[in-house]
Amino acid sequence: MKTTIIFSFLLFFSPVLFAQAFVANYDESKVPEYKLPDPLMFNDGKPVKTAKDWLKRRIELYSIFEKEMYGKVPVGKVTSTFSEVSLDENACNGLAVRREIRWTLGRNSRNVILNLLIYLPKSEGRKPLFLGYNFSGNHTISAEKGIQIATSWVRNNPDFGITNNLSREAARGSDAASWPVNEIIKRGYGVCTLYYGDVDPDFDDGFQNGVHALFNSQRDSSSWGSVAAWAWGLSRVMDCLEKMKEVDSKKVVVFGHSRLGKAALWAGASDPRFAMVISNESGSGGAALSLRKFGETITRTNSAFPHWFCGNFKKFNNREETLPFDQHELLSLIAPRPLYVSTAEEDRWGDPKGSFLACVSASPVYQFLGKEGFPGTTMPPLETPVVGTIGYHIRPGKHDIKPYDWQCFMNFADNYFNTRKD
Ligand code: GCU
């Protein structure tokens, strides 16, 4: 019993303990000098001159990220089966239809169940939709009683009496503040969410569980980590959304907060079916430049979360200057599709300025492809979004997802889906 308590404590607090042992730099004057690689330049130094060149360069860039950072998804098909678990035609005080769908992925006589929670406005026609993972189970995003309690592994949490890694009724609605479902529905959008641990539980298990277990292929230093697994899971959800006649699958916005923002960015880079990508405070391994070594660094991410990225990524621990890429090039892989990057002033760990600069340096790729790109060069004041094909804001406050962030995401989506023509 005692060992279990100590182990659970370490599992829960290890990122915090690591963070304390690791001294992060928060001083702009100590940011080293660096030169960002040019996304519009091939590895052999030749410039990208035509749209056809960009397609080739894009493949080159994508494979660098795949091989050196997120890891490669094994080749091979999975089967998928759909079953409706619940339907409430009067959810959100009558504003929405709520469905729970069990989307089962199968391969090699194993199954992984993705429990999807979908809210759609009641109006006629296909709806645009925000797709994103939740951190602790579908039942945490709303207090609505009908939503099933997650049964996958969850982190223990004394606040909600969660022990033995099993969630409980007490956690219902506990994260509702991050999910303004009624507001989203009123603006005409649907929401689809699932618990990220359904796809791959977030601990270092040697890739024995979650979707990694569907593929019993030999692993090497470029095999997929958990962030790539979460990104791949979002694409499998997209397979399901494409089958739903109520969803406008050409207007699916993939979004995520923090580690789930890292997954959303990689999903957007990997799967062109996502019409728009939103990263909220994704920080290191997400939208923030690694070469700045500001706040969380590669070494720190790799030590606290060794399962997130592939084995090759560890060779850049304390050697950021040897990176053949940086995160502005990840953002470039989303071009020409609209991308929104949001940050928070007190989330210095996630380096808001490093994310801003990544937007600035991804902009030339958007412009090369005939889009507006990112119309900013200096950090904007708080709560003053800079909006082009790439949008960015910094708001006051801590690492979190707030109603203000959601307002900006919806404004950005409205602008692209309903107003702009480019
Ligand atoms: C830790 C981690 C970050 C991550 C965050 C989160 O702080 O260091 O990289 O983004 O957790 O997912 O909440």
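This is a predicted model, so every value here is computed, not measured. (Residues numbered from 1 in each chain as written. Predicted model: local features only at pLDDT ≥ 70, side-chain atom pairs only at ≥ 80, totals over all residues. Heavy atoms only, no water.)

Undergrad: Account for the site of the ligand, naming residues and giving values.
TA: The ligand sits among Ser258, Arg259, Lys262, Glu296, Arg300, Phe305, Trp308, Trp349 and His399. Between the ligand and serine 258 there is a distance of 2.7 Å, counted from an oxygen atom to a side-chain nitrogen or oxygen. Tryptophan 349 is positioned with one of its side-chain polar atoms (N or O) 3.1 Å from an oxygen atom of the ligand. Relative to its free-state accessible area of 320 Å², the ligand is covered by the protein chains to the extent of 84%. Residues that form the shell around the ligand fall into these classes: 3 nonpolar, 2 polar and 4 charged. (Near = heavy atom within 4 Å. Polar contact = N/O pair within 3.5 Å; in protein donor to acceptor, adjacent residues only side chain to side chain. Areas by Shrake-Rupley, 256 points an atom, 1.4 Å probe, with all protein chains shown as cover. Nonpolar A, V, L, I, M, F, W, Y, C, P; charged D, E, K, R; others polar.)

Undergrad: How would you explain the pairing of strand 3 (residues 110–121) if you had to name every residue and give the values?
TA: Along any regular strand, the residues point their side chains to alternate faces of the sheet. Of the strand pairs in this sheet, strand 2 (residues 96–107) and strand 3 are connected by 12 bridges, and their pairing is antiparallel. Pairing of arginine 107 across the sheet is with arginine 110, part of strand 3. (Pairing = 2+ DSSP bridges. Helix = DSSP H or I, 4+ residues; strand = E, 2+ residues; numbered from the N terminus.)

Undergrad: How would you sum up empty space enclosed by the protein? Please name residues and give values.
TA: With the rule as written, the count across this model stands at 3 cavities of 30 Å³ or more. Looking at the largest cavity, its volume works out to about 70 Å³. (1 Å grid on protein atoms, 1.4 Å probe; cavity = no way out; pocket = protein on both sides within 12 Å on 5 of 7 lines; lining within 4 Å. Points joined across faces, edges and corners; volume = space filled by probe spheres on them.)

Undergrad: Go over the packing of helix 6 (residues 226–241) against helix 7 (residues 259–270), please, and point to the residues and values.
TA: Where helix 6 meets helix 7, the axes come as close as 8 Å, and the angle between the chain directions of the two elements is 60 degrees. As the angle between them shows, helix 6 and helix 7 are arranged oblique. Both helix 6 and helix 7 take part in a crossing whose hand is right-handed. Touching Val227, Ala228, Trp230, Ala231 and Leu234 of helix 6 are Lys262, Ala263, Ala264, Trp266 and Ala267, all from helix 7. Classifying every residue of the contact of helix 6 with helix 7 by side-chain character gives 9 nonpolar, no polar and 1 charged. (Axes fitted to C-alpha atoms, helices over the stretch in contact; angles between N-to-C directions. Parallel < 35°, antiparallel > 145°, perpendicular 65-115°, else oblique. Left-handed = near helix turned anticlockwise from the far one by under 90°. Contact = heavy atoms within 4.5 Å.)

Undergrad: Requested: an account of the environment of asparagine 115, with residues and values cited.
TA: Assignment of secondary structure puts asparagine 115 in strand 3. With a relative accessible area of 22%, asparagine 115 lands in the partly exposed category. Sequence spacing of asparagine 115 and valine 199 is 84 residues, and the spatial spacing of their C-alpha atoms is 9.6 Å. The residues contacting asparagine 115, other than those within four sequence positions of it, are Ile101, Arg102, Asn138, Thr193, Leu194 and Asp198. (Buried < 20%, exposed > 50% of the residue type's maximum accessible area, 1.4 Å probe, protein only.)

Undergrad: Describe in detail the pattern of salt bridges, supporting the description with residues and values.
TA: This model, assessed by the stated rule, comprises 32 salt bridges. As a salt-bridge pair, glutamate 246 and arginine 99 come within 3.4 Å of each other at their nearest N and O atoms. Placement of glutamate 246 in the loop between helix 6 and strand 6 (247–257) and of arginine 99 in strand 2 is noted, with a sequence separation of 147 residues between them. Between lysine 145 and glutamate 169 there is a salt bridge; the shortest N-O distance is 3.7 Å. With lysine 145 in the loop between strand 4 (127–134) and helix 4 (181–186) and glutamate 169 in the loop between strand 4 and helix 4, the pair connects residues that are 24 residues apart, well separated along the chain. The network of salt bridges with common partners includes Arg236, Asp239, Glu242, Asp271 and Arg273. (Salt bridge = Lys/Arg side-chain N within 4 Å of Asp/Glu carboxyl O.)

Undergrad: Break down the side chain of lysine 262 for me, citing the residues and quoting the values.
TA: Looking at the element boundaries, lysine 262 is found in helix 7. Of the side chains bearing the opposite charge, glutamate 296 lies closest to the buried lysine 262, which forms no salt bridge; the N-O distance is 4.4 Å. (Lys, Arg positive; Asp, Glu negative; His and termini not counted.)

Undergrad: Mind laying out the environment of valine 277, listing which residues take part and the relevant values?
TA: In this fold, valine 277 is placed in strand 7 (residues 276–280). Residue valine 277 is classed as buried on the basis of its relative accessible area, which comes to 0%. For the pair formed by valine 277 and lysine 35, sequence separation is 242 residues and the distance between their alpha carbons is 26 Å. Those residues in contact with valine 277, other than ones at most four positions away along the chain, are Val254, Ala264, Leu265, Gly268, Ile334, Pro338, Leu339 and Tyr340.

Undergrad: Which residues make up the confidence of the model for the protein, and what values go with them?
TA: Chain-level pLDDT for the protein is 95 on average; 95% of the residues reach the 70-or-more range. Long-range and interchain partners of residues 1–13, a stretch whose pLDDT sits below 50, account for 7 contacts in this model, where long-range means more than four residues apart. (pLDDT = per-residue confidence, 0-100.)

Undergrad: Tell me about unusual backbone geometry, residues and numbers included.
TA: Omega for the bond connecting alanine 335 with proline 336 falls within 30 degrees of zero, at 5 degrees, which places this linkage in the cis form. The phi dihedral of serine 258 falls on the positive side, at around 60 degrees, and the residue is not glycine. Mapped onto the secondary structure, serine 258 falls in the loop between strand 6 and helix 7. By relative accessible area, serine 258 is classed as buried at 14%. Positioned with a positive phi, glutamate 383 is a non-glycine residue whose angle comes to about 50 degrees.

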